[in-house]
Amino acid sequence: MFDTLFLDRDGVINKKLEQRYVTNFDEFVFVKNSEIAIRRLHKIFKRILIVTNQQGIGKGIMTKEDLNLLHLQMQRKLSVDFDLIDKIYFCPCLEVENCNCRKPKTGMLENAKLDFPEIKIEDSFLVGDSDSDIIAGKKFGLTTIKVSAEFTLFDWLTKITE
Ligand SMILES: [Mg+2]
């Protein structure tokens, strides 16, 4: 069994929107087969954590409450009896704030390690679709996987389990 899977959200779990933020569950469209992938990954990873930049909050386009509701609805859609995603970390800050949590910085990963000190970095992975994800993951010592429309989370899962 692998240890921890860190997932970026937009572009990995759900489709990105053109020039705007996903602000509610009506706009949240799963990437093809990402639901199936997460259910299967849950069986081969000890825990799954999301680390997501959500600058829309800092811009006042949505609130933390909007985001938490959206994530609750996502969890309910993915899961039956229990949450498949163990914890969701988000950075609400604006890029100009130069905070420590916004990827490519590693603040969210560091917080996860504080919450789950048993995380074995050397046996953990980060999947993202942006360079900022990959940079953050590498800085933290994780094995990183860059996904895209051509190589999705489901495609990666298939590759590691075949
Ligand atoms: Mg992304």
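Keep in mind that this is a model prediction, so the values were computed, not measured.

Rules used in this analysis
- Residues numbered from 1 in each chain as written.
- Predicted model: local features only at pLDDT ≥ 70, side-chain atom pairs only at ≥ 80, totals over all residues.
- Heavy atoms only, no water.
- Helix = DSSP H or I, 4+ residues; strand = E, 2+ residues; numbered from the N terminus.
- Areas by Shrake-Rupley, 256 points an atom, 1.4 Å probe, with all protein chains shown as cover.
- Lys, Arg positive; Asp, Glu negative; His and termini not counted.
- Charge placed at Lys NZ, Arg CZ, Asp CG, Glu CD.
- Salt bridge = Lys/Arg side-chain N within 4 Å of Asp/Glu carboxyl O.
- Buried < 20%, exposed > 50% of the residue type's maximum accessible area, 1.4 Å probe, protein only.
- Donors = N, O, S within 2.8 Å, 3.2 Å for Na, K, Ca; no water.
- Axes fitted to C-alpha atoms, helices over the stretch in contact; angles between N-to-C directions.
- Left-handed = near helix turned anticlockwise from the far one by under 90°.
- Contact = heavy atoms within 4.5 Å.
- Nonpolar A, V, L, I, M, F, W, Y, C, P; charged D, E, K, R; others polar.

Engineer: Honestly, the overall build of the protein chain in this entry has me stumped. Any pointers?
Structural biologist: Looking only at helices and strands, one finds 6 helices and 5 strands in the protein chain. By principal-axis analysis of the C-alpha atoms, the protein chain measures approximately 45 × 30 × 30 Å. When the accessible area of the protein chain is evaluated, it comes to approximately 8400 Å², of which 52% is carbon and sulfur surface. The distance from the centre of the 24 positive side-chain charges to the centre of the 25 negative ones in the protein chain is 2 Å.

Engineer: Got a minute to help me understand the pattern of salt bridges in this structure?
Structural biologist: Using the criterion set out here, one finds 13 salt bridges in the structure. A salt bridge links Arg 47 to Asp 3, with the nearest nitrogen and oxygen atoms 3.2 Å apart. Linking Arg 47 in strand E2 (residues 45-53) with Asp 3 in strand E1 (residues 2-7), this pair joins segments that are 44 residues apart in sequence. Residues Arg 47 and Asp 3 agree in their burial class; the two are buried. We note a salt bridge from Asp 133 to Lys 103, for which the minimum N-O separation is 2.7 Å.

Engineer: Quick question: what am I supposed to make of unusual backbone geometry here?
Structural biologist: Most of the time, phi is negative for any residue but glycine, and the peptide bond is trans. Of note, the amide linkage connecting Lys 103 to Pro 104 takes the cis form, showing an omega dihedral of 20°. Within the element layout of this structure, Pro 104 appears in the loop between strand E3 (87-91) and helix H4 (107-115). Positive phi outside glycine occurs at Asn 98, with the angle close to 55°. Along the chain, the position of Asn 98 falls in the loop between E3 and H4.

Engineer: How do you make sense of the coordination of the magnesium ion when you look at a structure like this?
Structural biologist: Reference values for coordination geometry: four tetrahedral donors around a metal ideally subtend 109.5 degrees, six octahedral donors ideally subtend 90 or 180 degrees. Protein ligation of the magnesium ion involves Asp 8 (OD), Asp 10 (O) and Asp 129 (OD), the donor distances falling in the range 2.1 Å. Positions of the donor residues of the magnesium ion, expressed as sequence spacing, correspond to D-x1-D-x118-D. Look at Asp 8 and you get buried, because its relative accessible area is 7%. The class of Asp 10 is buried, set by a relative accessible area of 17%.

Engineer: What should I look at first to understand the packing of helix H1 (residues 34-44) against helix H6 (residues 153-161) in this one?
Structural biologist: Packed helices, taken two at a time, are described by the angle between their axes plus the distance between the axes. Two elements in contact, H1 and H6, have axes separated by 8 Å at closest approach and are oriented at 40°. As H1 runs across H6, the sense of the crossing is left-handed. Residues Ser 34, Ile 36, Ala 37, Ile 38, Arg 40, Leu 41 and Ile 44 of H1 touch H6, and the partners they reach there are Leu 153, Phe 154, Trp 156, Leu 157, Ile 160 and Thr 161. For the contact of H1 with H6, the class distribution of residues is 10 nonpolar, 2 polar and 1 charged.

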